[in-house]
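These are the residues of each chain, in order.
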Amino acid sequence: MRITECFDRGEFVVTAEVGPPKGINIDGIVAEAKEFLSGITAVNVTDCQSSVMRIGSLATCKALKDAGLTPIYQLTCRDRNRIALQSDLLSAAMFGIENVLALTGDHTKLGDHPQAKPVFDLDSVSLLHTMSLLEQGVDLGGNQLVGEPPKFAKGAVVSPCSDSVDVQLAKMERKVMAGAEYFQTQAVYEPEKFIEFMETAKQFGKPVQLGIVLLKNAGMAKFMNRNVAGIHVPDEMIAELAGDKEKAKSGETGVKIAAEIIKACKPYCQGVHIMALGWESKVPEILKLAGI
Amino acid sequence: MLITKLKDKEMIASLLKGKVFVINCFGCKEVHFPEEEAKALQKEWADEGIVTGVLTTDYICNPENLPLRLERHKAEIEAADAVLVFSCGVGVQTVSEYLAPKRVCACCDTYPLPGGQGVTPLEYDCDQCGECWLNLTGGICPITACSKSLVNGQCGGAKNGMCEVDPEMECGWERIYRRLAQTGRLDVFKTPVHIHNFATDLELKQE
């Protein structure tokens, strides 16, 4: 199922994210996804997130699909040139994996193989453009595909609380031009900034899913404030996490904060994308508390 | 050694809007310039009466000498709608920075030749990619100013204006966006999707 069909029906689309492990046994994440994420629309599978080498996104997507879930294949331009990217897109389509989220990808220097060659032959915009071409039965080299062309639900990302939001919006417009059909955002902790962003972004006419990263403790929030682009956790939230350590540890505080952000932003967006970073079991609770 | 080649005629024609001031940077030992072709083209423009002035010199990439040289042509530059630069990518970047918000255009693509590389002054750098992007990026090179050499805009990796790959380096696309805003050129974000052409070594291009 293509996630765009759900947006077209006017549904408030809920997705979450799983990160494949560094190893070949994925029974654990498949079982967890089945238990906690079966009720939502689709599940993103990250592509060597943070440039850390892991089992592939495509293989994990296939396993989730076989388990009855709808995967969203995250595809970055960091590790593959245009030949490999197109080949993998065709492979995904052959498996019936139609939801693809196009990303430029983190730089190799930030990961666990900083010696690796960063590829970036294409970027998120030209990758979306490439997907649009493949759907028309032509590859990026101008050659015809044999037989029925693939059809994708083409997703992209944007960073609404970035300190350079105008530059982000300019890129967002290019992604729309290249064929992006929906957007998932970087984590939001400042609903007022997100709402302001949506005021401008709504002109593009594409559904936007609010990004949520579940806060596990005050240290994580401070770390993100120092190191993660486009994320700012306000002091009140950090104080709340630091205040009752037991509640933070059990996930209660993080879940409550996530639900509050969702409630504040829901009237302004078309869905939510939850990045629980290993706490996938908390996703149903967040949604319940947010009234979804 | 580098070699610069004129961009194709249609591309250069698209840069011509109104009056132009021309800067030629010939006579640098590191770079081979298409001097004859450039002069022929500029003669056509002069005959059309669109040239407000010409500065032919060497080492425009030297930011200490450049202001003195440009000062003498101040009125001619002011009278022009755009400054067209025939030089390697470093020269265009130096002039763009100095003359901003004046529109400064690159008329050449820069290629590497086997052998030692030229000396690049200060922060300006040209990767000799053979498909000069400077006309789309306000005269700031996205290949050398962006850690990922992105050509369609900023990624999500800038924090407080700095690149997360190198905290000492300002995000190239924030610089480009600011320059484009300053020069009233944000419309370049509406141009078709840009894709690198890595088949740009001179032999391939000439086939």
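Up top is the structure.
Quick caveat: nothing in here was measured; it's all calculated off a predicted structure. (Residues numbered from 1 in each chain as written. Chains lettered and ligands numbered in written order. Predicted model: local features only at pLDDT ≥ 70, side-chain atom pairs only at ≥ 80, totals over all residues. Heavy atoms only, no water.)

A tally of helices and strands in chain B yields eight helices and nine strands. Its C-alpha atoms give chain B a radius of gyration of 17 Å, within 12% of the compact-globule value 17 Å for 207 residues. Principal-axis analysis of the C-alpha atoms places the extent of chain B at approximately 50 × 35 × 35 Å. The buried share among the 207 residues of chain B stands at 51%. Within chain B, residue pairs in contact and separated by at least 24 positions form 67% of the contacts whose partners lie at least 6 positions apart. Surface exposure of chain B reaches about 9,600 Å², of which carbon and sulfur atoms provide 52%. Of the charged side chains in chain B, 21 are positive and 30 negative; the average position of the first set lies 5 Å away from that of the second. (Helix = DSSP H or I, 4+ residues; strand = E, 2+ residues; numbered from the N terminus. Rg over C-alpha atoms; globule rule 2.2 N^0.38 Å. Buried < 20%, exposed > 50% of the residue type's maximum accessible area, 1.4 Å probe, protein only. Contact = heavy atoms within 4.5 Å. Areas by Shrake-Rupley, 256 points an atom, 1.4 Å probe, with all protein chains shown as cover. Lys, Arg positive; Asp, Glu negative; His and termini not counted. Charge placed at Lys NZ, Arg CZ, Asp CG, Glu CD.)

Right, let's get into the interface of chain A and chain B. Listed per partner, the contact involves 34 residues of chain A and 29 residues of chain B. Summed over both partners, the interface of chain A with chain B buries about 2,500 Å², with 54% contributed by carbon and sulfur atoms. Among the residues of chain A in contact with chain B, A:Val167, A:Arg174 and A:Ala229 are the three that bury the most area, contributing 23% of the side total. For the pair chain A and chain B, the number of links is one salt bridge. B:Lys190 is the salt-bridge partner of A:Glu173, the closest N and O atoms lying 2.7 Å from each other. Counting across the chain A and chain B interface gives 18 residue pairs in polar contact (both at pLDDT 80 or more). For the side of chain A that touches chain B, the secondary-structure elements that each account for two or more residues are α5 (124-135), α6 (165-178) and α8 (218-227) of chain A. Ranked by residues supplied to the side of chain A that touches chain B, first place goes to α6(A) with nine residues. Of the residues contributing to the side of chain A that touches chain B, the split by class is 13 nonpolar, ten polar and eleven charged. (Buried area = accessible area lost by both parts, 1.4 Å probe. Salt bridge = Lys/Arg side-chain N within 4 Å of Asp/Glu carboxyl O. Polar contact = N/O pair within 3.5 Å; in protein donor to acceptor, adjacent residues only side chain to side chain. Nonpolar A, V, L, I, M, F, W, Y, C, P; charged D, E, K, R; others polar.)

Time to look at the environment of A:His232. Residue and element names in this part refer to chain A. Of note, histidine 232 is situated in the loop between α8 and α9 (235-243). Note: C-alpha distance between histidine 232 and serine 50 (182 residues apart in sequence) is 18 Å. When residues no more than four places from it in sequence are discounted, the contact partners of histidine 232 are Tyr189, Glu190 and Asn225.

With that settled, consider the sheet that holds strand β1 (residues 2-6) of chain B. Strands pair in a sheet through their backbones, by hydrogen bonds, and they do so in one of two ways: parallel or antiparallel. Residue and element names in this part refer to chain B. Reading across from one edge, β3-β1-β7 is the order of the three strands in this open sheet, with mixed pairing throughout. With partners counted over all chains shown, the strands left at the sheet margins are β3 (31-32) and β7 (108-112), one partner each. For β1 and β3, the ladder comprises two bridges, and the chain directions are parallel. Following the sheet pairing, isoleucine 3 is matched in β3 by histidine 32. (Pairing = 2+ DSSP bridges.)

All names here are of chain A. If you check helix α4 (residues 82-94), its first and last C-alpha atoms are 18 Å apart, about what 13 residues at 1.5 Å a residue would give, namely 18 Å. When we look at burial in α4, the residues that qualify are Leu85, Gln86, Leu89 and Ala92. Angular distribution of buried residues about the axis of α4 spans 120 degrees; they occupy a single face of the element. Away from its buried face by more than 90 degrees, α4 exposes Ile83 and Met94. Packed against the buried residues of α4 are α3 (57-66), β3 (71-76), β4 (99-103) and α5. (Expected span 1.5 Å × (residues − 1). Arc of directions from axis to C-beta.)

With that out of the way, let us pick up the packing of aromatic side chains. By convention here, two paired aromatic rings are described through the distance between centres and the angle between planes. Within the structure shown, the criterion is met by six aromatic pairs over all chains. Ring geometry for B:Trp173 against B:Phe189: centres 6.0 Å apart, planes inclined by 55 degrees, an arrangement best described as tilted. One end of the pair, B:Trp173, is in helix α7 (residues 172-182); the other, B:Phe189, is in the loop between α7 and α8 (202-206), with 16 residues separating them in the sequence. Looking at B:Phe189, the relative accessible area reads 5%, which means it is buried. Each ring, one from B:Tyr177 and one from B:Phe189, has its centre 5.8 Å from the other, and the planes form 50 degrees; the classification is tilted. Taken together, the positions of B:Tyr177 in helix α7 and B:Phe189 in the loop between α7 and α8 put the pair twelve residues apart, joining distant regions of the chain. The same class applies to B:Tyr177 as to B:Phe189, namely buried. Through a chain of ring-to-ring contacts, the aromatic side chains of B:Trp173, B:Tyr177 and B:Phe189 assemble into a single cluster. When the ring centre of A:Phe12 is taken as origin, the NZ or CZ atom of A:Lys266, which lies over that ring, is 4.8 Å away. Geometry around A:Trp279 places A:Lys282 over its ring, the cationic atom sitting 5.3 Å from the centre. (Phe/Tyr/Trp six-rings, centres within 6.5 Å; stacked < 30°, edge-to-face > 60°. Lys NZ or Arg CZ within 6 Å of the ring centre and 35° of its normal.)

Residue and element names in this part refer to chain A. The eight strands are arranged β1-β2-β3-β4-β5-β6-β7-β8 in a closed barrel whose pairing can be described as parallel. Direction aside, the axes of adjacent strands within the sheet are offset by 25 degrees on average. Bridge count between strand β1 (residues 13-18) and strand β2 (residues 42-45): four bridges; the pairing is parallel. Note on β2: the bridge partner recorded for threonine 15 is alanine 42. Across the face of the sheet, α5 comes into contact with β3, β4 and β5 (153-158) while running at roughly 145 degrees to β4. (Axes fitted to C-alpha atoms, helices over the stretch in contact; angles between N-to-C directions.)

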